[in-house]
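# Descriptive analysis of the structure
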Amino acid sequence: MSSIRPWRDIARRNSRQIMVGSVPVGGDAPITVQTMTNTPTSDAAATIDQIRRCEDAGADLIRVSCPDVESTAAFRAIAKAARVPLIADIHFHYKRALEAADAGAACLRINPGNIGSSERVAEVVRAAKANGCAIRIGVNAGSLEKDLLEKYGEPCPEALVESALDHIKLLQDHDFHEYKVAVKASDVFLAVAAYMGLAEAVDCPLHLGITEAGGLIGGTVKSAIGIGNLLWAGIGDTIRVSLSAEPEQEVRVGFEILKSLGLRTRGVRVVSCPSCARQGFDVVKTVSILEDRLSHIKTPLSLSVLGCVVNGPGEARETDIGITGGGAGKHMVYLSGVTDHHVTSDAMLDHIVELVEAKAAEIEAQMTDAGKADVAA
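So, here is what we can say about the structure in this document.

About the thresholds
- Residues numbered from 1 in each chain as written.
- Predicted model: local features only at pLDDT ≥ 70, side-chain atom pairs only at ≥ 80, totals over all residues.
- Heavy atoms only, no water.
- Axes fitted to C-alpha atoms, helices over the stretch in contact; angles between N-to-C directions.
- Helix = DSSP H or I, 4+ residues; strand = E, 2+ residues; numbered from the N terminus.
- Parallel < 35°, antiparallel > 145°, perpendicular 65-115°, else oblique.
- Left-handed = near helix turned anticlockwise from the far one by under 90°.
- Contact = heavy atoms within 4.5 Å.
- Nonpolar A, V, L, I, M, F, W, Y, C, P; charged D, E, K, R; others polar.
- Patch = residues over 30% accessible without salt bridge, like charges linked within 9 Å, V, L, I, M, F, W, Y side chains within 5 Å.
- Areas by Shrake-Rupley, 256 points an atom, 1.4 Å probe, with all protein chains shown as cover.
- Salt bridge = Lys/Arg side-chain N within 4 Å of Asp/Glu carboxyl O.
- Pairing = 2+ DSSP bridges.

One can describe the packing of helix H8 (residues 216-232) onto helix H9 (residues 247-260) by two numbers: an axis separation of 10 Å at closest approach and a directional angle of 40°. As summarised for this structure, H8 and H9 are arranged oblique, according to the angle between their axes. Crossing of H8 against H9: the hand is right-handed. Between H8 and H9, the contacting residues are Leu216, Thr220, Ser223, Ala224, Ile227, Gly228 and Leu231 on the first element and Gln249, Val253, Ile257 and Leu258 on the second. Partitioned by chemical class, the residues of the contact of H8 with H9 number seven nonpolar, four polar and no charged.

With that settled, consider unusual backbone geometry. The backbone of Asp175 sits at a positive phi, close to 60°, despite the residue not being glycine. Mapped onto the secondary structure, Asp175 falls in the loop between helix H6 (157-173) and strand E8 (179-184). The backbone phi angle of Ser275 is positive, close to 80°, even though this residue is not glycine.

With that out of the way, let us pick up a nonpolar patch on the surface. On the surface, Leu216, Ile217, Val221 and Ile225 cluster together into a nonpolar patch covering about 380 Å² of accessible area. Along the chain, the position of Val221 falls in helix H8.

The strand order across the open sheet formed by five strands is E11-E12-E13-E14-E15, and the pairing between neighbours is mixed. Looking at the sheet topology across the chains shown, the edges are occupied by strand E11 (268-272) and strand E15 (338-344). Taking the axes of each pair of neighbouring strands and ignoring which way they run, one obtains an average angle of 20° across the sheet. Inspection of the sheet shows strand E13 (residues 321-324) paired to strand E14 (residues 330-335) by four bridges, in the antiparallel sense. Along E14, the bridge assignment pairs Ile321 with Leu335. Across the sheet, helix H10 (residues 283-293) lies against E11 and strand E12 (301-306), angled at about 160° from E12, the strand it touches most.

Right, dumping it as structure tokens:
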């Protein structure tokens, strides 16, 4: 059957699926969004508090750094408190991997070639198998192996792919196949080319990211270009937006990238204008307040906020709820694309929040009823 809007279709790469705890990654599973804590892991209370904020923002997976024995000692309590699977980043020390696996990690972030002898790799694999852990191989342009830098002269797509294949072989030699791979770079062109090359060479799930992307604005732009380019090409099974910002911001940006491509639909999708002299209310301030007040909504729905009638009615026809600025502080409200009633400036914010919350509850009730009907059938 042909698509109604074929220009929106994305044909995802056919990767095999692995499990990271209870979360499927790859295959036909939803593309997951993850982030990483930046608190000292040895401070379990602070780390759990940050994890909770990331969970509330929608994180599917959360990575926790385990650079020392104090961190892995605290990891057990952190893993028990977390509501989503945790990935333990153990850097270069294989013993941290063994400790984290025993402490409840759902996945180990490790490069097998960086931890020493084949026997150490075998120990990590045994611990991963015994505890049901997946492994994430993380190749980074900033820490490529010396021999590859000598071979290629500089970080390049071929070097990143070769590094990934070398690490993969070490796991396969020990009959371990529950792995996903990243080939990250801070250079968007390098990262995208490396992922495209790797996607052709392997069938495992791919973890996307533009590493060291920068601050909230610059890093969001770089990540949207790089990650978005790959996702649009059907490449990628899990993503992490690397920002010099709070980790929950990474989660929000990750979902916005997925929502813009129609790959995930979590929360309120806001359509809003940049505002101009025609605006009937302060659009920028209104959108900022609404995004904050509606951040708790997980149900997928759409809201248009337009300052005037030039594009307002047209955008409102395509959204669940719409508001278009009018004269004398009186604005038109649209429900399901149809003009419904007016609201004044002073009551507008509270009114829109109430409408969105009511619509979300309505959608949730419909989904529940549909689920009951499916069970009954």
